[in-house]
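Single-letter residue listing:
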Amino acid sequence: MTTQPSLLDEVTADEALTSAGRAPSLAPLGEGLVRHVLSRGAWVDVRPGWVQRSEALFEHLLADVPWRAERRQMYDREVDVPRLLCFYGEEAVLPHALLAEARDALSAHYLPELGEPLRTAGLCLYRDGRDGVAWHGDRLGRSSREDTVVAIISLGAPRPLVLRPRGGGPTALRVPVGHGDLLVMGGSCQRTWEHAVPKTSKPVGPRVSVQLRPRGVR
Ligand SMILES: O=C(O)CCC(=O)C(=O)O
């Protein structure tokens, strides 16, 4: 006797295939990872397209992360921070299982250099070209005096992440990051170099940045 799958089973199987086909996943990390050695003990690793089928992850984060607008003091007045934010501390459950997988894969890869795992995730949403982040190093905490690693996964519309030596000077490295690209800043980069995502008047879509950092680095 042959058994005929019901129409319902077929639909379910089709749906499962479709959603599995769209599911984001990580490409092998070592393949395609290029290191840019900067001055004064700083380096930047770039791995284009590390998150494959990143669109589904991007849409999930856009919809499900409790994005918050923040304000900060600028001289004598308070201004809007030009991007939305959400911070996940060490104990927090990340908003998608793939981010935990990415954090663990990066922790394993960089352990010989870093000596500790990545533990926190800072998420930023750049809604359009009016959002950006000015020149800075992540120097709150231990990174003001110790070498460290900050890994950034970029999703959605690409925006250039630019780097220059601390204290000014022309941009020395400009990396357009989006659509699942990975950029990792390491060594003395947070102390001796600065990075920024400049605002732009060009029409650009939203971008989400996921920054994975070790304990005590912000
Ligand atoms: O958008 C990015 O990828 C950079 C974010 C950043 O530098 C920061 O939040 O400190």
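This is a predicted model, so every value here is computed, not measured. (Residues numbered from 1 in each chain as written. Predicted model: local features only at pLDDT ≥ 70, side-chain atom pairs only at ≥ 80, totals over all residues.)

**Here we look at the nonpolar core**
No. 1: Counting 40 residues, the largest nonpolar core has Val44, Ala151, Ile153, Leu183, Val184, Val208 and Val210 as its most contacted members.
No. 2: Ignoring sequence-local partners within four residues, the contact set of Leu183 consists of Val44, Val46, Ile152, Leu161, Val175 and Val177. (Core = buried A, V, L, I, M, F, W, Y, C linked by C-beta atoms within 7 Å. Buried ≥ 20, exposed ≤ 12 C-beta atoms within 10 Å, placed from the backbone. Contact = placed C-beta atoms within 7 Å.)

**Thoughts on the sheet that holds strand S2 (residues 34-37)**
No. 1: If you walk across this open sheet you meet the 8 strands as S2-S3-S12-S9-S14-S7-S6-S5, and the pairing is antiparallel. Because the sheet does not close on itself, it has two edges, and the strands there are S2 and strand S5 (68-74). Within the sheet, the average angular offset between the axes of one strand and its neighbour, ignoring direction, is 25°.
No. 2: Pairing between S5 and strand S6 (residues 77-88): 6 bridges, direction antiparallel. Paired with Arg68 across the two strands is Leu85, which belongs to S6.
No. 3: Sheet strands in contact with helix H2 (residues 54-64) are strand S7 (120-126), strand S9 (150-156) and strand S14 (207-213), and its direction is about 95° off that of S9.
No. 4: Here helix H3 (residues 97-114) sits on the sheet and contacts S7, S9, strand S12 (181-187) and S14; the angle it forms with S14, its principal contact strand, is near 45°. (Pairing = 2+ DSSP bridges. Helix = DSSP H or I, 4+ residues; strand = E, 2+ residues; numbered from the N terminus. Axes fitted to C-alpha atoms, helices over the stretch in contact; angles between N-to-C directions.)

**Notes on the site of the ligand**
No. 1: In the vicinity of the ligand, the residues found are Gly122, Cys124, Val133, Asp138, Ile152, Leu161, His195, Val197, Ser209 and Gln211.
No. 2: Within the residue set of the shell around the ligand, elements represented by two or more residues are S7, strand S13 (193-197) and S14.
No. 3: Classifying every residue of the shell around the ligand by side-chain character gives 5 nonpolar, 4 polar and 1 charged. (Near = placed C-beta within 6 Å. Nonpolar A, V, L, I, M, F, W, Y, C, P; charged D, E, K, R; others polar.)

**Side note on the sheet that holds strand S10 (residues 159-165)**
No. 1: Strand order in the open sheet formed by 4 strands is S8-S13-S10-S11, and the pairing between neighbours is antiparallel. The open sheet has two edge strands with one neighbour each: strand S8 (133-136) and strand S11 (173-177). Averaged over neighbouring strand pairs, the angle between their axes works out to 15° when direction is ignored.
No. 2: Bridge analysis of S10 against S11 gives 5 bridges, and the strand direction is antiparallel. Directly across from Val162, in S11, lies its bridge partner Arg174.

**Brief notes about H2**
No. 1: Every buried residue of H2 is listed here: Ser54, Leu57, Phe58 and Leu61. Here the buried residues of H2 occupy an arc of 100° about the axis, which is enough to place them on one side. Facing away from the buried side of H2 by more than 90 degrees, the exposed set consists of Ala63 and Asp64.
No. 2: Of the surrounding secondary structure, the elements contacted by the buried residues of H2 are strand S4 (51-52), H3, S7, S9 and S14. (Arc of directions from axis to C-beta.)

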